[in-house]
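Chain and residue survey
This is what each chain is made of:
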Amino acid sequence: MSNIVDPSADSLAARIAARVRAERERRRWTLAQLADASGVSPAMISRIERGESSPTAVVLGKLSAAFQLSVASLLALAEGGQDATAESAGVRRGAEAAEWRDPGTGYRRRQITGPRFPAEIAEIRLPAGARVPYPAAAFAFVRQLVWVLDGRLTFHDGDTVHELDAGDTVELGPPAERVFANTTDAECRYAVVLTRDAQP
């Protein structure tokens, strides 16, 4: 197995760590207060903020819900954090986009739009057999659409289950507990389009 580390992945992990800390401090929360609000232990939050542990998608979902942000918003803020003014318009090369990988499931996420674009668009690659649940609060204050590009996505929207094939879309309604699952033996690739409904 290769021990080569992708420098852009390290840089993105550091920016996610800084963004989690910044969001907590902006609210003047202690680690214990964020732990109470998110259900993530203070020790884990501390390791994430220090860059000693890379959060899984599930942990990011809990933290973003506590902040009343979507996971997409939390990651987009981190991904665009290094130079938000430089990316206001123009060409963005695919090879230059930072990709975040969930250490728990292998789920990969690449931000398509820049930080100043009015909608957030991300490309997700969900490995075969992967399942990523999010609490309802992670979907507060946003309008969101999921568009399956390749493969098959089993999408749990509260008590409703949608089997989505390539080309299918689902527009999300009021916040609910949601699960993105790939029950097939091939990768599923989908896009998430998100706009902010109201400020928290």
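Here's what I pulled together on the structure shown here. These figures come from a predicted structure and were not determined experimentally.

Let us now look at the nonpolar core. By size, the foremost hydrophobic cluster in this structure holds 42 residues, and its most contacted members are Leu-126, Tyr-134, Leu-153, Phe-180 and Tyr-190. Setting aside residues up to four positions removed in sequence, Leu-126 forms contacts with Tyr-107, Val-132, Leu-153, Phe-180, Ala-181, Asn-182, Glu-187, Cys-188 and Tyr-190.

Turning our attention to the pairing of strand β9 (residues 178–181). Side chains of β9 alternate between two faces, with Arg-178 and Phe-180 and Val-179 and Ala-181 buried alike. Pairing of strand β4 (residues 131–134) with β9 involves four bridges; the strand directions are antiparallel. If you follow Arg-131 over to β9, its bridge partner there is Ala-181. Pairing of strand β6 (residues 152–157) with β9 involves four bridges; the strand directions are antiparallel. Its bridge partner lying in β9, Thr-154 is registered against Ala-181.

Attention now moves to helix α4 (residues 57–67). Buried residues dominate α4, accounting for nine of its 11 residues. Restricting attention to buried positions, one finds in α4 the residues Ala-57, Val-59, Leu-60, Gly-61, Leu-63, Ser-64, Ala-65, Ala-66 and Phe-67.

Right, let's get into the sheet that holds β4. Ordered by their spatial adjacency, four strands build an open sheet running β4-β9-β6-β7, and the pairing between neighbours is antiparallel. Looking at the sheet topology across the chains shown, the edges are occupied by β4 and β7 (160–165). Between one strand axis and the next, the sheet turns by 15° as a mean value, whatever way the strands run. Two elements, β6 and β7, share six bridges in a ladder whose sense is antiparallel. Counterpart to Thr-154 in the pairing with β7 is Glu-163.

Let us look at the sheet that holds strand β1 (residues 99–101). The six strands lie next to each other as β1-β2-β3-β10-β5-β8, forming an open sheet whose pairing is antiparallel. The sheet is open, and its two borders are formed by β1 and β8 (169–171), each paired with just one other strand. Across this sheet, the average inter-strand angle for adjacent strands is 20°, counted without regard to direction. Pairing analysis gives eight bridges linking strand β5 (residues 142–150) to strand β10 (residues 188–196), with the strands arranged antiparallel. Along β10, the bridge assignment pairs Leu-145 with Val-193.

Thresholds, definitions, all that
Residues numbered from 1 in each chain as written. Predicted model: local features only at pLDDT ≥ 70, side-chain atom pairs only at ≥ 80, totals over all residues. Heavy atoms only, no water. Core = buried A, V, L, I, M, F, W, Y, C linked by side-chain atoms within 4.5 Å. Buried < 20%, exposed > 50% of the residue type's maximum accessible area, 1.4 Å probe, protein only. Contact = heavy atoms within 4.5 Å. Helix = DSSP H or I, 4+ residues; strand = E, 2+ residues; numbered from the N terminus. Pairing = 2+ DSSP bridges. Axes fitted to C-alpha atoms, helices over the stretch in contact; angles between N-to-C directions.

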